[in-house]
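# Reading the structure
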Amino acid sequence: MTAGPGTGIGRRPMPVVLRRRMRRVRGMIAELGVGIGWRPEIAGFVAELPGLGFTEVIAESVHPDRPWPGLLELRDRGVAVVPHGVRLSLGGAEPVDPARVAHLAGCAEALGAPLVSEHIAFVRAGGLEAGHLLPVPRTREALDALTANIRRTTAELPVPLAVEPIAALFDWPDAEYDEADFLTELLDRTGVLLLLDVANVYANARNRGADPTALLDRLPLERIAYVHLAGGSEHDGFYHDTHTDPLPAGVLALTAELCARRRPPGLLLERDGRYPPAAELRAELDALAATAGLPAIT
Amino acid sequence: MTAPGAGGLAAAQEALVRALVAGGPLPPGFDPVAVGAAERALLGKRAGEVGRAWPELARAYGDGWRDAFAGWARGRPPGGARRDGWGFARAHAATLPPAARRELAVHEACWAHAAAPTAGAEPRPRRLALRRLPGGVVVRVPGRVWVVARRTG
């Protein structure tokens, strides 16, 4: 990180607990606990979770000048709020858009975030929006492009960045690395943290007929800032990581495998639609906490 | 060496995006079944986003919304939920029920879309506008919009 915790942070006094949290995260990875992604549709549910450790908000949905009051209330309660970008296109061949990087940095400052996260993916090319996260080829050229874009981004961020490998239904041909080597090399080159989505690991392994724990055994688990979990469903002959279905037992089982190797500092449930009754979300959060050996947050 | 050389990544990524959202040919080496599943998943995701931004439009199609939207959107690059819904609604305006037609008229009174979609471009809000509806008009003034109808749709 070339920038310290930003000139912008000085403008807005932050609760002591958050300043302490940010100081900790620069030395080591902060303990975040169990959380759920904040979405306007479930803002009330999230706000009422008594033990909520942290939450995450889609960065592109935040106005840094006027964030949702509900998020500021959580911040002021000492709940870490992590801006999660989905459209930066770190894996694109072209340089990241400086305005998008500035927006992500602005979100981190406005929300007093201990870190921000984005994806190892590209979302546009040649002036066309894909409308989704697309995988990058596992080649040296793509690794160079990702490295350059991550460096451009972290140079402007007031806090650390964690990058998330995505779920993809297809692979590029002519890979020069396997997934573990590609990720490890990227983390080594850039020094950023890993946001491991256990549901993505599960989905990719299931769709390719591979063993998901084999990837866990080869990733630098000590670089994980936090993990994602989400539900999905099978259709079209593929398992889809939909974020709109219940959490499958296989994702929880893989989370248990991860925790047995090294418990991540944070575990976050992502739900992006077809919201179930609050009791069902609470039960998923309880199962998640129990799997990690952490106290229930509900 | 499999690396296509300088500039190869940009061209390869563009070709893949074209195949997924603009009806382009699938670049060699990809699994057509897996990319086809990704294309359908993308269309389904777009249909959901457009349905949330255009609830009356989606309601007009009921359970058939996903398929109807996917049939129209295949090969058309995503322009964002507001623009995609606008494009679909205009293409089907003649057959829409009154509530969905009113949704389209209110949208057009409030938002101005660029003639050609630019990647990620959002429509510009209109301050003043007047739009005809069958049996009424939509009036837009700064901060407000009224539907004035002789008979409710």
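Now for a quick tour of the structure. Every value quoted in this text rests on a predicted model; they were computed, and no experiment measured them.

Glancing now at the interface of chain B and chain A. Note: interface size is frequently given as the accessible area lost on complex formation between the parts. Chain B puts 34 residues into the contact, and the matching count from chain A is 29 residues. Summed over both partners, the interface of chain B with chain A buries about 2,600 Å², with 69% contributed by carbon and sulfur atoms. When the buried surface of chain B facing chain A is broken down by residue, Leu9, Gln13 and Val17 of chain B rank first, second and third, together holding 23% of it. Across the contact surface, chain B and chain A share 1 salt bridge. Asp236 of chain A serves as the salt-bridge partner of Arg40 of chain B, at 2.8 Å between the closest nitrogen and oxygen. One can count 6 residue pairs in polar contact (both at pLDDT 80 or more) joining chain B with chain A. Mapped by element, the contributors of at least two residues to the side of chain B that touches chain A are helix 1 (8–21) and helix 2 (32–53) of chain B. Sorting elements by how many residues they give to the side of chain B that touches chain A places helix 1 of chain B first, with 11 residues. Split into classes, the residues belonging to the side of chain B that touches chain A amount to 23 nonpolar, 7 polar and 4 charged.

The relative placement of two packed helices is expressed as an angle between their axes plus a distance between the axes. All names here are of chain A. Close contact between helix 6 (residues 140–154) and helix 7 (residues 179–190) brings their axes to 10 Å; oriented N to C, the two are set at 35°. Judged by the twist between their axes, the crossing of helix 6 over helix 7 is right-handed. For the pair helix 6 and helix 7, contact is made by Arg140, Leu143, Asp144, Leu146, Thr147, Ile150 and Arg151 and by Phe182, Glu185, Leu186, Arg189 and Thr190, respectively.

Quick notes on the rules
Residues numbered from 1 in each chain as written. Chains lettered and ligands numbered in written order. Predicted model: local features only at pLDDT ≥ 70, side-chain atom pairs only at ≥ 80, totals over all residues. Heavy atoms only, no water. Contact = heavy atoms within 4.5 Å. Buried area = accessible area lost by both parts, 1.4 Å probe. Salt bridge = Lys/Arg side-chain N within 4 Å of Asp/Glu carboxyl O. Polar contact = N/O pair within 3.5 Å; in protein donor to acceptor, adjacent residues only side chain to side chain. Helix = DSSP H or I, 4+ residues; strand = E, 2+ residues; numbered from the N terminus. Nonpolar A, V, L, I, M, F, W, Y, C, P; charged D, E, K, R; others polar. Axes fitted to C-alpha atoms, helices over the stretch in contact; angles between N-to-C directions. Left-handed = near helix turned anticlockwise from the far one by under 90°.

Honestly, that's just the spatial picture; any functional story needs more than this.
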